[in-house]
Amino acid sequence: MERAAFRVSGFLSIAVMLVLAAVGVATVVPVLDQPEADLRVTAVAVGYALLAAVVATGFTVVNPNEAQVVQFFGRYVGSIRAAGLHWTWPFTVRKKITLRVRNFETARLKVSDADGNPVEIAAVVVWRVVDTARAAFAVDDHVEYVAVQSEAAVRHLATSYPYEAHDSGRASLRDSAVVSDELTSELRERVELAGVEVLESRTTHLAYAPEIAQAMLARQQANAIVAARYKIVEGAVGMVSNALDRLSEEEVVELDEERRAQMVSNLLVVLCGDRAAQPVVNAGTLYG
């Protein structure tokens, strides 16, 4: 698990180094006129040079929205998240890990939906690192890990739902809200090991595979025509019933069963036909 690494301000460390250098100079200057001055000066200079070289290995710069994972001879000693110049343990190795929000868009994957129909699907995943220790050590490459798990989750999701639901109570891949919520939930479980948080995921492409696209389009058109005809017939029956009731209530005309049936037939033909009706007017019998 991630923990904070030891650190102090880098500017404070530089100030301490300058003070030590001043102390060293103040120590050396009084003995410059002594016989062994050259040896002492050389020893002090070498000592301070070695000390400065050791201390310099502890300086590190952290950029905004970035963290550094600190290792001391292979051992994880913590992470630095605060932006700025810092000084930490010397001889440590620091690995940079970005904390910025990132997004990954899968390729168009060809899979079979719950009904066995081949479909093409793609999704975009928005994520960020929340645990730098897991991102650095739990997986080999957390960016590639998110990409692979995203494609696996999209494939699993596509096989769990049909492209379109023929039952009103059944969810489908076209229900974007349901699909996005389930995809996000599954991805969060998959990438938690890598210290990654999935913020959002949505499908960006959804279509039947080219080899069945025309057949599925024809089926959709047929379903639309049937649904439209059903609504037309339903409305026409209501209109005919209302017309017959009005004629009877207002005593406009008395219709026997035969003429009533003929009138119903004519009205349904007019109301349900897909072309404009052309009535035939009975002008009576002509005698020569």
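Shown above is the structure to which this text applies.
Residues numbered from 1 in each chain as written. Predicted model: local features only at pLDDT ≥ 70, side-chain atom pairs only at ≥ 80, totals over all residues. Heavy atoms only, no water.

(A) Up close: the packing of aromatic side chains. Within this structure, the stated rule accounts for five aromatic pairs. For the ring pair Phe6 and Trp87, a centre distance of 6.5 Å and an interplane angle of 85° mean the geometry is edge-to-face. On the criterion of sequence distance, the pair formed by Phe6 in the segment before strand 1 (8-9) and Trp87 in strand 5 (residues 84-87) is long-range, its members being 81 residues apart. Using a relative accessible area of 37% as the deciding quantity, one classes Phe6 as partly exposed. Using a relative accessible area of 15% as the deciding quantity, one classes Trp87 as buried. Between Phe72 and Phe73, the aromatic rings sit 4.7 Å apart at their centres with planes inclined by 85°, giving edge-to-face as the arrangement. Assessed through its relative accessible area of 36%, Phe72 is described here as partly exposed. Classification of Phe73 as exposed rests on a relative accessible area of 67%. (Phe/Tyr/Trp six-rings, centres within 6.5 Å; stacked < 30°, edge-to-face > 60°. Helix = DSSP H or I, 4+ residues; strand = E, 2+ residues; numbered from the N terminus. Buried < 20%, exposed > 50% of the residue type's maximum accessible area, 1.4 Å probe, protein only.)

(B) Spatial organisation of the environment of Asp131. Along the chain, the position of Asp131 falls in the loop between strand 9 (118-129) and helix 3 (132-137). Put simply, Asp131 and Leu193 are 62 residues apart on the chain and 9.5 Å apart in space, counted from C-alpha to C-alpha. Filtering out sequence-adjacent residues up to four positions away, Asp131 remains in contact with Met1, Glu2, Arg81, Ala194 and Gly195. Within the local environment of Asp131, its side chain forms a polar contact with the backbone nitrogen of Ala133, the two atoms lying 3.1 Å apart. (Contact = heavy atoms within 4.5 Å. Polar contact = N/O pair within 3.5 Å; in protein donor to acceptor, adjacent residues only side chain to side chain.)

(C) Structural view of the sheet that holds strand 2 (residues 59-62). If you trace the three strands from one edge of the open sheet to the other, you get 1-5-2, paired in antiparallel fashion. The open sheet has two free edges, formed respectively by strand 1 and strand 2, since each of these has just one partner strand. Sheet topology places strand 1 next to strand 5; two bridges connect them, and they run antiparallel. Residue pairing for strand 5: Ser9 is matched across the bridge by His86. (Pairing = 2+ DSSP bridges.)

(D) How the structure looks around the sheet that holds strand 3 (residues 66-72). The three strands lie next to each other as 4-3-6, forming an open sheet whose pairing is antiparallel. In this open sheet, the two strands that pair with only one neighbour each are strand 4 (75-80) and strand 6 (92-98). Across the sheet, the axes of successive neighbouring strands diverge by a mean angle of 25°, strand direction being ignored. As paired strands, strand 3 and strand 4 are joined by five bridges and run antiparallel to one another. Bridged to Val70 within strand 4 is Gly78. (Axes fitted to C-alpha atoms, helices over the stretch in contact; angles between N-to-C directions.)

(E) Quick peek at the environment of Thr204. Examined against the element boundaries, Thr204 turns out to sit in strand 10 (residues 196-208). Sequence separation of Thr204 and Thr106 is 98 residues, and the distance between their C-alpha atoms is 9.1 Å. With residues up to four places along the chain from it excluded, the contact list for Thr204 reads Glu105, Ala122, Ala123 and Val124. Polar contacts involving the side chain of Thr204 include one to the side chain of Glu105, which spans 3.3 Å.

(F) Inspection of the packing of helix 4 (residues 142-160) against helix 5 (residues 176-191) at higher detail. Where helix 4 meets helix 5, the axes come as close as 10 Å, and the angle between the chain directions of the two elements is 140°. With respect to each other, helix 4 and helix 5 are oriented oblique. For the pair helix 4 and helix 5, the sense of crossing is right-handed. On the side of helix 4, the interface is formed by Tyr145, Val146, Gln149, Ser150, Ala152, Ala153, Val154, His156 and Leu157, while helix 5 contributes Val179, Glu182, Leu183, Glu186, Leu187, Arg190 and Val191. Among the residues making up the contact of helix 4 with helix 5, the classes are represented as 10 nonpolar, three polar and three charged. (Parallel < 35°, antiparallel > 145°, perpendicular 65-115°, else oblique. Left-handed = near helix turned anticlockwise from the far one by under 90°. Nonpolar A, V, L, I, M, F, W, Y, C, P; charged D, E, K, R; others polar.)

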